[in-house]
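# Observations on chain architecture
In case you want the letters, here they are:
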Amino acid sequence: MRLNRSRGARSRAPFKARIRGRAPVAVGVAAVVAATALGATSGAQAATSEGLLCEKGNQGTFSLAARDGYVSTPDGNSIYSWGYSLSSGRFQLPGPVLCVTSGQTVTVVLHNELPEATSIVFPGQHGVTADGNPAQPQFDATSHELTSMVQPAAATSGSVTYQFKAGSPGTYLYTSGTDVTKQQEMGLFGALVVRPATASGQVNDRSDSAFNPQHEYVFLLSEIDPDVHLAVERKQPVDWSAYNARYYMINGRSMPDTLAPNKASWLPNQPYGALVHVKPWDAATNPLPAAIRYLNAGRVNFPFHPHGSDERVVNKDGHALVGAKGEDLSYLKYDLDVMPGQTVDALMDWRDVEHWNPTTNPVPTQLPVITDQLLVGTDTWFNESPYLGEQGTFPSNITVNNECGEYYHVAHSHALQQATNYGATFGGMMTVFRIDPPAGCPVK
Ligand SMILES: [Cu+2]
């Protein structure tokens, strides 16, 4: 039995702003933060896609292309990048989320469209082969210098086929193994999700790692120094001593683009959103938690946390946290440090049971009267009530980002320079977690 302690707000970031229209107001309660992009989840668009989009391939066979393209940032920048795409698809960042089953034979055919050799390494997978030979480091015949961590596909039109049996259930990175510093910075990375052979709705083989399949998320964390990307685009040398990341991404997007739905039409090369959706736990509803799979494809630690609740870490680097005798070593954590190259799988639920019900909760809440609230034709409103499920009444002719009294809690990198877009705060590696009322969120 796992008990959670999620009472009360422990928001430590200086982001206690409640955004209402264009007038952020500092409030002392738990951060109830949303942004205009949340309109994407409003009633009329309730069917928009959120959560993990799995590529299942053809019986474990995937055809990927390494190619170039552009990604957009919320400040209007357009950044030349490299990435893995489905051969049949368009350029995307990050690469497709490859979903396989533990023990399954996985075949990845890489077609290289880039102007230099590239490859894929699968950290954590055993017995990887490249075109039928053991995958192994490559060296220059003359200088004997390392040229690639694994057999590459030649520049422009080469291809190579990697194969392995999927390892233990969990989450893994796949990245370039060639000129790694540059090629991984350029965007050659993706997530590999390995599901248990007997229980696909669990993170690992333990039954207490079960999650709600409708609430499964990949958070692939990365960073971009646009000067590096510009130099590569212009075929100029890169000055690595001047490296300075300016953009920080979740799934190739920066806040507020992280809130937009999957495959948003205005982000054609960044198909994956990062809005997490959970329901509160209680004895009556007892829903399964959400699963969030964190991966770090950057070069520094990303200390990520949602406000208001811990998450339960159940896996690291594709392995369940269990002791030598099978004992449960999972743990609750507020700030998840995700190291470069590391993966951390966490379960998220919401157990703020005392604060759901305003009739049984002893803490009275005085809501602002209507004359104390800003009324502008295009204003955006929340209900002001701290009680989950209280929608309240709203003036007419305004935008309401509150469908049913749900909460929005900000979640972000606590290294606050990573929560920026080229230095502008409230961007970068940031999203929100949405908590629906216990009874769900009927569209009204
Ligand atoms: Cu914070």
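Since the model is a prediction, treat every value here as computed from it, not as a measurement.

## Quick word on the pattern of salt bridges
Counted according to the given criterion, the structure contains 10 salt bridges. Of the charged contacts, one joins Arg195 and Glu216 as a salt bridge, the two residues approaching to 2.9 Å between their closest N and O atoms. Taken together, the residues span a long stretch of sequence, with Arg195 in strand β13 (residues 189-195) and Glu216 in strand β14 (residues 216-224) at a distance of 21 residues. Given the relative accessible area of 13%, Arg195 is considered buried. Judged by its relative accessible area of 6%, Glu216 is buried. One salt bridge connects Asp208 with Arg206, and the closest N-O pair in it is separated by 2.9 Å. A relative accessible area of 29% places Asp208 in the partly exposed class. A cluster of three or more residues bridged by salt bridges with shared partners is formed by Arg195, Glu216, Arg293 and Asp345.

## So, the coordination of the copper ion
Every protein donor of the copper ion is listed here as His305 (NE2), His307 (NE2) and His412 (NE2), and their distances to the metal cover 2.0 to 2.1 Å. Expressed as a motif, the donor residue spacing for the copper ion is H-x1-H-x104-H. Note that His307 is positioned in the loop between β18 (302-306) and β19 (311-316) and His412 in strand β26 (residues 407-413), a separation of 105 residues in sequence. Judged by relative accessible area, His307 falls into the buried class, the value being 1%.

## Considering the sheet that holds strand β29 (residues 430-435)
A sheet is described by the order of its strands in space; here five strands give the open sequence β16-β29-β26-β18-β22, paired in mixed fashion. Strands with a single pairing partner mark the edges of an open sheet, and in this sheet they are β16 (276-278) and β22 (336-338). Adjacent strand axes in the sheet meet at a mean angle of 20 degrees when their direction is disregarded. In terms of strand pairing, β18 meets β26 through three bridges, oriented antiparallel. Each residue of the ladder has a partner; that of Phe304, found in β26, is Ser413.

## Here we look at the confidence of the model for the protein
In the predicted model, the protein carries a mean pLDDT of 85, and 82% of its residues have values of at least 70. Predicted confidence for residues 1-46 stays below pLDDT 50, and this span has 116 contacts to residues more than four positions away or in other chains.

## Some points on the nonpolar core
Most often, soluble globular proteins have nonpolar side chains that are buried together. Counting residues in hydrophobic clusters, the biggest one holds 60 residues, and the most contacted among them are Ile120, Phe219, Leu221 and Tyr294. Discounting residues that sit within four places of it in the chain, Ile120 has contacts with Leu64, Tyr84, Val108, Leu110, Val150, Tyr162, Tyr174 and Thr175. Judged by nonpolar contacts, the second largest core, of 19 residues, contains Val97, Phe189, Ile224 and Tyr272.

## With respect to the packing of aromatic side chains
The way to describe two aromatic rings as a pair is by their centre distance and the angle between their planes. Scanning all chains against the criterion turns up 12 aromatic pairs. When the centroid spacing of 4.7 Å and the interplanar angle of 45 degrees are considered together, the rings of Phe122 and Phe164 count as tilted. Here the residue Phe122 occupies a position in the loop between β6 (105-112) and β7 (129-130), and Phe164 occupies one in strand β11 (residues 159-165), the gap between them amounting to 42 residues. Here Phe122 and Phe164 have matching classes, each one buried. Each member of the aromatic cluster is reached from another via a ring pair, and the members are Tyr84, Phe122, Tyr162, Phe164 and Tyr174.

## Re the pairing of strand β12 (residues 170-175)
The buried count for β12 comes to six of six residues, which makes it a mostly enclosed element. Residues of β12 alternate between two faces, with Gly170, Tyr172 and Tyr174 on one and Thr171, Leu173 and Thr175 on the opposite face, all of them buried. Judged from the six bridges that link them, β12 and β13 form a sheet pairing that is antiparallel. Opposite Gly170, over in β13, you have Val194 as the bridge partner.

Each value, and the rule that gives it
- Each chain carries its own residue numbering, running from 1 in the written order of its sequence.
- This being a predicted model, a pLDDT of at least 70 is required before a residue's local features are given, and a value of 80 or more before pairs of side-chain atoms are given or counted; all residues contribute to the totals for chains, interfaces and linings.
- By convention in this description, side-chain values take in all heavy atoms of the structure and omit both hydrogens and water.
- Just to be clear on terms, a salt bridge is a Lys or Arg side-chain nitrogen sitting within 4 Å of an Asp or Glu carboxyl oxygen.
- Under the scheme used here, helices are H or I runs from DSSP no shorter than 4 residues and strands are E runs no shorter than 2 residues, and both carry numbers assigned from the N terminus.
- We call a residue buried when its accessible area falls under 20% of the maximum for its residue type, exposed when it is over 50%, and partly exposed in between, using a 1.4 Å probe and counting protein chains only.
- For Na, K and Ca the donor cut-off is 3.2 Å, and for all other metals it is 2.8 Å, counting N, O and S atoms only; because water is absent from this set, sites may look incomplete.
- Following DSSP output, two strands are said to pair if at least two bridges run between them.
- All axes are obtained by fitting lines to C-alpha atoms, using only the stretch in contact for helices, and the reported angles, taken between N-to-C directions, cover 0 to 180 degrees.
- Each residue gets a pLDDT score, which is the predictor's confidence in that residue and runs from 0 to 100.
- We call two residues contacting when some pair of their heavy atoms lies within 4.5 Å.
- For our purposes a nonpolar core is just a set of buried Ala, Val, Leu, Ile, Met, Phe, Trp, Tyr and Cys residues, chained together by side-chain atoms within 4.5 Å.
- In this scheme Phe, Tyr and Trp rings, the latter by its six-membered ring, pair at centre separations within 6.5 Å, and the angle between planes marks the pair as stacked below 30 degrees, edge-to-face above 60, and tilted otherwise.

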